[in-house]
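# Examining the three-dimensional arrangement
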Amino acid sequence: MKQELVISIKEVCFSYTGPMVLEHINLDVLRGEFLGLVGPNGGGKSTLLKIILGLLKPLAGQASVLGLPPERGRGGIGYVPQHTAFAEDFPISVEAAVLQGRLGKTRVIGDYTREDRMLARRAMEQVEILELSTRPLAALSGGQRQRVLIARALAVEPEILILDEPTAHVDLRLEENFFHLLKQLNQQMTIIVVSHDIGFISHYVNRVACLNQTLICHETAAVSGEVIEQLYGASVRMIDHIH
Ligand SMILES: Nc1ncnc2c1ncn2[C@@H]1O[C@H](COP(=O)(O)OP(=O)(O)OP(=O)(O)O)[C@@H](O)[C@H]1O
């Protein structure tokens, strides 16, 4: 059976105003993959995500999402930003935050449809925060708030879920629960998770792409977490050292 490509990056180059940030990047993501994207600070991870989301245009090369240019294909992506980017005392409830995922999807201007509310409810159930739905965001823990952000992305009904540094500021025990949740979601959708912590994510992902400065250093075929750790042991220490 032919495996379906959901993201295709071919020879992509990008610079803001100065030196090249991404140089000849090639990356194919198949439907159902759980891909880790790792690399040091300033390695270009956020820049590559912005290209995939259609927020930045490559200077050279092509990117496509679900067979479309990223600005059209991104409707199929649920994006989970770093949870610190989510205003801590934003005066809305959990449900209202999750419903935001339906903005731009709903056809009724001014209010959400019954379907929007049903999808938001289902998303909250999936990440086990339904009992928090009426709570203000400000009254949640970091880990709970992170689940709200995932529920908001799931309310999009995404084919691809992309998470940017999801484990920053979350303790290890929460991280483990969190990756188990992602593993479950991966049965229904493709997942890309950006992380500095390759040692940790390598137990969960199928494949790791390492983006360092201007290049993807390595990309492994689907291998076990143990093999990835052996392959990347040196660069893990290097990345840790930089922080
Ligand atoms: N808006 C911008 N204008 C100019 N340069 C930028 C801009 N955004 C990022 N850069 C530069 O591009 C390079 C890559 O940054 P990027 O944010 O993509 O890296 P990153 O891998 O996501 O880093 P981190 O792990 O620290 O979040 C860095 O050198 C950064 O300084």
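The model shown is predicted, which means the values in this text are computed figures rather than measured ones.

This next bit is on the overall build of the chain. Across its full length, the chain holds eight helices and nine strands. Here the chain holds 243 residues, and 49% of them are scored as buried. When contacts within the chain are restricted to residue pairs at least 6 apart in sequence, those whose partners lie at least 24 apart make up 67%. Looking at the chain as shown, the accessible area adds up to about 12000 Å², and 53% of this sits on carbon and sulfur atoms.

Let us now look at the site of the ligand. What surrounds the ligand is the set Tyr 16, Val 21, Pro 40, Asn 41, Gly 42, Gly 43, Gly 44, Lys 45, Ser 46, Thr 47 and His 196. Separating an oxygen atom of the ligand from a side-chain N or O atom of Asn 41 is a distance of 2.7 Å. The side chain of Thr 47 places a nitrogen or oxygen atom 2.5 Å from an oxygen atom of the ligand. For the ligand, whose accessible area on its own is 640 Å², the fraction buried by protein is 57%. Broken down by element, the residue count for the shell around the ligand peaks at three residues, all from helix 1 (residues 45-52). Broken down by class, the residue content of the shell around the ligand amounts to three nonpolar, seven polar and one charged.

Bringing the pairing of strand 7 (residues 190-195) into the picture now. Among the six residues in strand 7, six count as buried, and that is most of the element. The side-chain alternation of strand 7 yields two buried faces, one formed by Thr 190, Ile 192 and Val 194 and the other by Ile 191, Val 193 and Ser 195. As paired strands, strand 6 (residues 160-164) and strand 7 are joined by five bridges and run parallel to one another. When the sheet's bridge partners are listed, Ile 160 is paired in strand 7 with Thr 190.

Here we take up the packing of aromatic side chains. Tallied over the entire structure, the rule returns two aromatic pairs. Seen from their ring centres, Phe 14 and Tyr 16 are 4.9 Å apart, and the 85° between their planes marks the pair as edge-to-face. Ring plane angle 75° and centroid distance 5.6 Å describe the contact between Phe 178 and Phe 179, whose orientation is recorded as edge-to-face. Like Phe 179, Phe 178 is buried.

We now examine the sheet that holds strand 4 (residues 60-65). Within the open sheet, the three strands sit side by side as 2-1-4. Their pairing is antiparallel. This sheet does not close on itself; its edge strands, each paired only once, are strand 2 (20-30) and strand 4. Pairs of neighbouring strands in the sheet enclose a mean axial angle of 15°, with direction left out of account. Judged from the five bridges that link them, strand 1 (residues 5-15) and strand 4 form a sheet pairing that is antiparallel. Within strand 4, the position partnered with Ile 7 by the bridge is Val 65.

Taken as a whole, the chain shows an average pLDDT of 81; of its residues, 77% reach a score of 70 or greater. Put simply, helix 8 (residues 225-242) is where the chain has its lowest mean pLDDT, 42, and strand 4 is where it has its highest, 97. Here residues 219-224 scores under 50 on pLDDT; set against residues more than four positions off or in separate chains, the count is 15 contacts. Every residue in residues 230-243 is under pLDDT 50, and counting partners more than four places away or in other chains gives 16 contacts.

Before going further, it helps to spend a moment on the pairing of strand 1. Put simply, side chains in a regular strand alternate between the two faces of the sheet. When you tally the buried positions in strand 1, you get eight out of eleven residues, the bulk of the element. Taken together, the seven bridges between strand 1 and strand 2 define a ladder with antiparallel strand orientation. If you follow Ile 9 over to strand 2, its bridge partner there is Leu 27. Hairpin remark: strand 1 followed by strand 2, antiparallel, with four residues in the connecting loop.

Attention now moves to the pattern of salt bridges. Scanning all chains against the criterion turns up eight salt bridges. Each of Glu 4, Arg 31 and Glu 159 takes part in one network of salt bridges that share partners.

What follows is about the nonpolar core. Within soluble globular proteins, side chains that are nonpolar tend to cluster in buried spots. Counting 37 residues, the largest nonpolar core has Val 94, Val 98, Ile 150, Leu 161, Leu 163 and Leu 182 as its most contacted members. For this core, the secondary structure elements donating two or more residues are strand 3 (34-38), helix 3 (94-99), helix 4 (114-126), helix 5 (142-154), strand 6, helix 6 (172-185), strand 7 and strand 8 (207-212). Here this core gets six residues from one element, more than from any other, and that element is helix 5. Filtering out sequence-adjacent residues up to four positions away, Leu 161 remains in contact with Gly 78, Val 80, Ile 150, Ala 153, Leu 154, Leu 182, Leu 185, Met 189, Thr 190, Ile 191 and Ile 192. Counting residues in each nonpolar core, the second largest holds 26 residues, with Ile 7, Leu 49, Ala 63 and Ala 209 among its members.

What counts and how
Residues numbered from 1 in each chain as written. Predicted model: local features only at pLDDT ≥ 70, side-chain atom pairs only at ≥ 80, totals over all residues. Heavy atoms only, no water. Helix = DSSP H or I, 4+ residues; strand = E, 2+ residues; numbered from the N terminus. Buried < 20%, exposed > 50% of the residue type's maximum accessible area, 1.4 Å probe, protein only. Contact = heavy atoms within 4.5 Å. Areas by Shrake-Rupley, 256 points an atom, 1.4 Å probe, with all protein chains shown as cover. Near = heavy atom within 4 Å. Polar contact = N/O pair within 3.5 Å; in protein donor to acceptor, adjacent residues only side chain to side chain. Nonpolar A, V, L, I, M, F, W, Y, C, P; charged D, E, K, R; others polar. Pairing = 2+ DSSP bridges. Phe/Tyr/Trp six-rings, centres within 6.5 Å; stacked < 30°, edge-to-face > 60°. Axes fitted to C-alpha atoms, helices over the stretch in contact; angles between N-to-C directions. pLDDT = per-residue confidence, 0-100. Salt bridge = Lys/Arg side-chain N within 4 Å of Asp/Glu carboxyl O. Core = buried A, V, L, I, M, F, W, Y, C linked by side-chain atoms within 4.5 Å.

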